[in-house]
Every structure is written in structure tokens, then in C-alpha cells.
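Coordinates in review
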Amino acid sequence: MFKRIQIFTFIFFLCQISWSSVDVSSRFLTMNDGLSSNSVLSIIQDNKGFMWIGTSNGLNRYDGYNFVSYFPEKGKISLIDNRIKKISENKNGFLWIYSNSENFSCYDLEKGCFVDYTGCGKYADKYNHMMGTKVGDVWLWHENNGCQRIIYKNGKFRSQLYKSANGLLPSNKVKNIVDDSQGNIWIITDKGAVKVSQRSIKKIGLGISFVSVHPYRQGCFLLSSDGCVYDYKERSGLNFITRLIKKVGEFGYTDSFIYLNKWIIMTQRKSYVFDFESHLFVKDEFWEHVTGRFVTDNAGNYLVYNGTGFVYYINEKTRKTKKIQLIPGNLVKSIAFERYHILQDNKGLIWISTYGNGLFVFNPETDDLTHYNYRRGFLNSISSNYIISIFKDREEN
């Protein structure tokens, strides 16, 4: 039985693997087949089964046989920018297309057209982050332009701007937005946080520059840019818990996530493990030596990277960790920044794409690591070492 993993680089190709071995054979779809550009940056499969491919010159829909391409059109609601960076589909059946110009376009899959997702003509405003809530709302935000809440109900869009000018934000420099299990929205900025509930909008910790927020039970924990940890509860308000560092300016926050019900806070120097129950930092030898940023795969596993070419693979279920060198030190120095994409297939194999050193397949059961790179003249070679993304469709292809 063969399994197919689809990988997209400047052109896109097909990899076939069996359980006992991995055999890479390529099928190329390029501009000669109707693709608007060979530089592919994002791909998804919509709820109808169509493949949507975002390129550096246009959006493409692929039905398995033919391409339909979409470009900006004057005088009508259309794709705002032809340089696509990311495509996603929300639970209401709309495609959200993020472009290089820091704009979002919205495509109605049911009606087959682009739409004004704000309901008021503000769809050209600049935002560079997006979050879909559990109830179906969409939040867009920018580090310098505040945020906007998008609501779709009874077949119509409406929106609400959150800006410092209208008093709904302490600052337009939004760092992150998350939702909790109660449906509350938490917005953090460089001058405080905001809790948006069904009944009220409440500002928290005015004047504090927050860099991370994680809801927990009936409240949340917040981290400031100077390494201070706070908790917030509706009754007691914001409370200072502890400080990570002694000297101001030494913090150097890079990223954070929840692992085994603990808060992993990564900095440029080391990582910290915060226990939500005890409100204490837990000593952990592994995290003492891990720094950087992370990406996750479709199974909730983590890949931590730090600009060295070495990564740490962390399995969420087994709790096993593996340090892997994916890019040699001399090569990683020539790359502007590391880019990895990680995917777990239905056999448990971990596929890791790199930007500069091809493709890796890691077997957690046997600890085997297989490397595939571009080899000129070889038939079963991948087409490029600069891989942007790996994609698996709903049929496990």
C-alpha cells in the first residue's frame, strides 16, 4: 500500500512512500499546466475538495484536472494583492487569503466570489494576523493598526474596530489575541490587555507591555516584556506573581506554548517552565538548554528551532524528545531565517521541510531519519531544497 504526501516549493511535486521504505517520485505541476506562478507559498483543500494554491502571482483553484486563476480586478471586490502568503478556511465556509501587502481577502466558497467581510467597505485595511474563534468570529490584527472583529450571522457580515482612538484598546500595537473556553477574547498590547466578553469590554494592567497570554480555568496568565508573570481573575483582578530575571533588559522573550499543562517560556538565553497550579517555576534540565521558536504539526507535536540548524522534536503523546540537525552550520548562516514545516502522516512518520536543505522523514518508532534533497539528473529527486510547505489532504494523500 502506498501513501502520498504532497509538497509544494517553487513548483509542486508528489512523494510516494510505503511503510517499509520511502520512495520519492515527482509529478510536476507548473505554469505549463495552468498554474499562475511556479513560486507556490500556500495550499489548502476546501470543504468541497478543491485545492487552493497561493503563489507569488495569483490565487489558483485546482480540481485535479484544470486550474482557475484569480487576480486583483479594478472596480469590484476581488483579490486585493496577487502575492499570496497564506490561505485558510474558517468554519463558516469562507477562504481567507493573506497577501504580501498585509491585507486579507475573503472568498465565499458557496457563492463563488470575493466579498466585503467587514460589511462597511473597510476590507482594504492592513492586518497581518488572524484568529478564528470557537463561535465562528474572525479577529484580524496588526502590530501597529489595532484589530477588527468580523461577525457572520444570518448570511451577512458586520464588523467592529478596536482602536486606541475609539477607546477600545490602550494601544494599537497588538501583540496577540486568543480566546478561552468561555468564549472570552483576550487582547494584549504594549500598554495593557483587554478582555472582551459578551457583556463587557474590560481593560487590564494599563501601562504594562504584555508579550504573551494564556487563558487558564476562569482567568488567565500574562507575561510582560520585562519578564514578569501575572494572573488575572474576575474577582481579584490582576496580580503580580513573580519575575523571571533580576535585571531589566535581560529577558529577550522569543516564544511560548503550553506543554503538559505547563507554560514553556522561551528566551534568547534559556527556557523557563512555569507551573500553573503552584505558581512556581519548575527546574527542568531539558528546557534549560532549549531556546528559540516553535512550530507544531497536525498531531500537536512541537519542533523548536533557534537559528543553529539544530531542532528539537517533541512528541506530545509519548513525551519523547529528539535533537536533530536539519541544516549544516555553514548553510544556515547563508539563509535569512529558518523556515520549517512539520506534518505527521497516518503511519506516524514525521515529515519536516526545510528552507535550504530539502526534506526529512523521521520515524519516531525506529529513530531513523531519512534525508531527501535536490540532485540534478536524478529521476527520483525532489525539485528544490527550498521547500515552503507540506500538505496532506482529507483522504490521507
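See above for the structure.
It is worth spelling out the overall build of the protein at this point. Scanning the protein from N- to C-terminus turns up two helices and 36 strands. Radius of gyration (C-alpha) of the protein: 22 Å, near the 21 Å computed for a compact globule of 397 residues. By the burial criterion, 51% of the 397 residues in the protein qualify as buried. Long-range pairs, those at least 24 residues apart, make up 41% of the contacts in the protein with a sequence separation of at least 6. Accessible surface computed for the protein: about 19600 Å², of which carbon and sulfur atoms make up 47%.

Further remarks concern the sheet that holds strand β14 (residues 146–153). The four strands lie next to each other as β12-β13-β14-β15, forming an open sheet whose pairing is antiparallel. Each end of this open sheet is capped by a strand with a single partner; those strands are β12 (129–132) and β15 (156–162). Taking each pair of neighbouring strands and ignoring which way they run, the sheet shows an average axis angle of 20 degrees. Note that strand β13 (residues 138–142) and β14 share five bridges and pair antiparallel. Opposite tryptophan 141, over in β14, you have cysteine 147 as the bridge partner.

Below, the discussion takes up the pattern of salt bridges. As enumerated under the stated definition, the model contains 14 salt bridges in all. The shortest N-O distance in the salt bridge between lysine 233 and aspartate 231 comes to 3.0 Å. Judged by its relative accessible area of 42%, lysine 233 is partly exposed. For aspartate 231, a relative accessible area of 5% translates into the label buried. One continuous salt-bridge network, built from bridges that share partners, spans Lys195, Lys202 and Glu234.

Read from one edge of the open sheet, four strands run β28-β29-β30-β31, paired in antiparallel fashion. At either end of the open sheet lies a strand with only one pairing partner, and these are β28 (293–296) and β31 (321–325). Neighbour to neighbour, the strand axes of the sheet diverge by 25 degrees on average, direction disregarded. As paired strands, β28 and strand β29 (residues 302–305) are joined by four bridges and run antiparallel to one another. Within β29, the residue paired with arginine 293 across the bridge is tyrosine 305.

The next subject is the side chain of lysine 163. Structurally, the position occupied by lysine 163 is in the loop between β15 and β16 (174–179). Here lysine 163 sits buried without a salt bridge, and the closest side chain of opposite charge, aspartate 125, lies 5.4 Å off (N-O distance).

Membership of the largest hydrophobic core comes to 17 residues, with the highest contact counts inside it found for Leu303, Val311, Tyr313, Leu326, Tyr340 and Ile352. Every element with two or more residues in this core is listed here: β29, β30 (310–314), β32 (340–344), β33 (350–354) and β34 (359–363). In contact with leucine 303, other than residues within four places in its own chain, are Arg293, Phe294, Val295, Val311, Tyr312, Tyr313, Tyr340, Ile342 and Ile352.

Once that is clear, we can look at the environment of lysine 195. The residue lysine 195 is located in strand β18 (residues 192–196) in this model. Measuring from C-alpha to C-alpha, the distance between lysine 195 and aspartate 179 comes to 9.5 Å, with 16 residues separating the pair along the chain. Beyond its immediate chain neighbours, meaning those up to four positions away, lysine 195 contacts Asn184, Ile185, Trp186, Ser200, Ile201, Lys202, Ile204, Tyr232 and Glu234. A polar contact is formed between the side chain of lysine 195 and the side chain of glutamate 234, at a distance of 2.6 Å.

Before going further, it helps to examine the pairing of β16. When a strand is regular, its side chains alternate between the sheet's two faces. Of the strand pairs in this sheet, β16 and strand β17 (residues 185–189) are connected by five bridges, and their pairing is antiparallel. Paired with isoleucine 177 across the two strands is isoleucine 187, which belongs to β17. Once β16 ends, the chain turns through five residues before running back antiparallel as β17, passing glycine 183 with a positive phi of about 90 degrees.

Here we come to the pairing of β13. Of all five residues in β13, five are buried, a share of seventy percent or more. Taking every second residue as pointing to the same face, both faces of β13 are buried, with Val138, Leu140 and His142 on one and Trp139 and Trp141 on the other. Bridge analysis of β12 against β13 gives four bridges, and the strand direction is antiparallel. From the neighbouring strand, methionine 131 faces β13, where its bridge partner is tryptophan 139.

Bringing the side chain of asparagine 184 into the picture now. As for its placement among the helices and strands, asparagine 184 is situated in the loop between β16 and β17. Given the relative accessible area of 13%, asparagine 184 is considered buried. Look past the residues within four positions of asparagine 184 in its chain and what remains in contact with it is Val178, Asp179, Lys195, Val196 and Ser197.

A few words now on the environment of serine 383. Structurally, the position occupied by serine 383 is in the loop between β35 (368–372) and β36 (389–391). For the pair serine 383 and histidine 129, spaced 254 residues apart in sequence, the C-alpha separation works out to 31 Å.

A word on the packing of aromatic side chains. Scanning the entire structure with this criterion turns up 36 aromatic pairs. Pairwise contacts between aromatic rings join Tyr216, Phe221, Trp263, Tyr272, Phe274, Phe276 and Phe281 into one cluster. Here the guanidinium or amino end of arginine 61 rests over the ring plane of phenylalanine 50, the centre of that ring lying 4.6 Å away. When the ring centre of phenylalanine 310 is taken as origin, the NZ or CZ atom of lysine 323, which lies over that ring, is 4.8 Å away.

Quick look at the state of the cysteines now. One pass over the full model with this rule turns up zero disulfides. With no disulfide of its own, cysteine 147 lies 14 Å from the sulfur of cysteine 120, the closest cysteine sulfur. Overall, the relative accessible area of 0% leaves cysteine 147 in the buried class.

About the cut-offs
Numbers given for residues are sequential positions, taken from 1 along each chain in its written order. Owing to the predicted nature of the model, reporting of local features is limited to residues with pLDDT of at least 70; listing and counting of side-chain atom pairs is limited to 80 or more, with chain, interface and lining totals taken over all residues. The side-chain numbers reported here are obtained from all heavy atoms of the structure, hydrogens and water having been left aside. Starting at the N terminus, helices and strands are each numbered in turn, a helix being any DSSP run of H or I of at least four residues and a strand any DSSP run of E of at least two. Every radius of gyration here is taken over C-alpha atoms, with the globule rule written as 2.2 Å times N^0.38, N being the number of residues. For each residue, the accessible area found with a 1.4 Å probe, counting protein chains only, is set against the maximum for its type, and the residue is called buried under 20%, exposed over 50%, and partly exposed in between. The contact definition used throughout considers only heavy atoms, calling two residues in contact when any of these lie within 4.5 Å. A 1.4 Å probe and the Shrake-Rupley method give the accessible areas. Residues count as covered only by the protein chains that appear here. Pairing between strands requires that DSSP locate at least two bridges from one strand to the other. As a rule, the C-alpha atoms of each element are fitted with a line to give its axis, helices using only the stretch in contact, and angles between N-to-C directions run from 0 to 180 degrees. Every case where a carboxyl oxygen of Asp or Glu lies within 4 Å of a side-chain nitrogen of Lys or Arg is listed as a salt bridge. Only four residue types enter the tally: Lys and Arg on the positive side, Asp and Glu on the negative side; His and the chain ends are excluded. Only buried residues count toward a nonpolar core. Its members are Ala, Val, Leu, Ile, Met, Phe, Trp, Tyr and Cys residues joined through side-chain atoms within 4.5 Å. Any N or O atom pair separated by 3.5 Å or less is treated as a polar contact, with the protein-specific requirement of one donor-capable and one acceptor-capable atom, and with residues adjacent in sequence counted only for side-chain atom pairs. Two rings from Phe, Tyr or Trp (for Trp, the six-membered ring) form a pair when their centres are within 6.5 Å of each other. A pair whose planes differ by under 30 degrees is stacked, one over 60 is edge-to-face, and the rest are tilted. Charge-over-ring placement is defined geometrically: NZ (Lys) or CZ (Arg) within 6 Å of the ring centre, and within 35 degrees of the ring normal. Here, a disulfide means two cysteine sulfur atoms that sit within 2.5 Å of each other.

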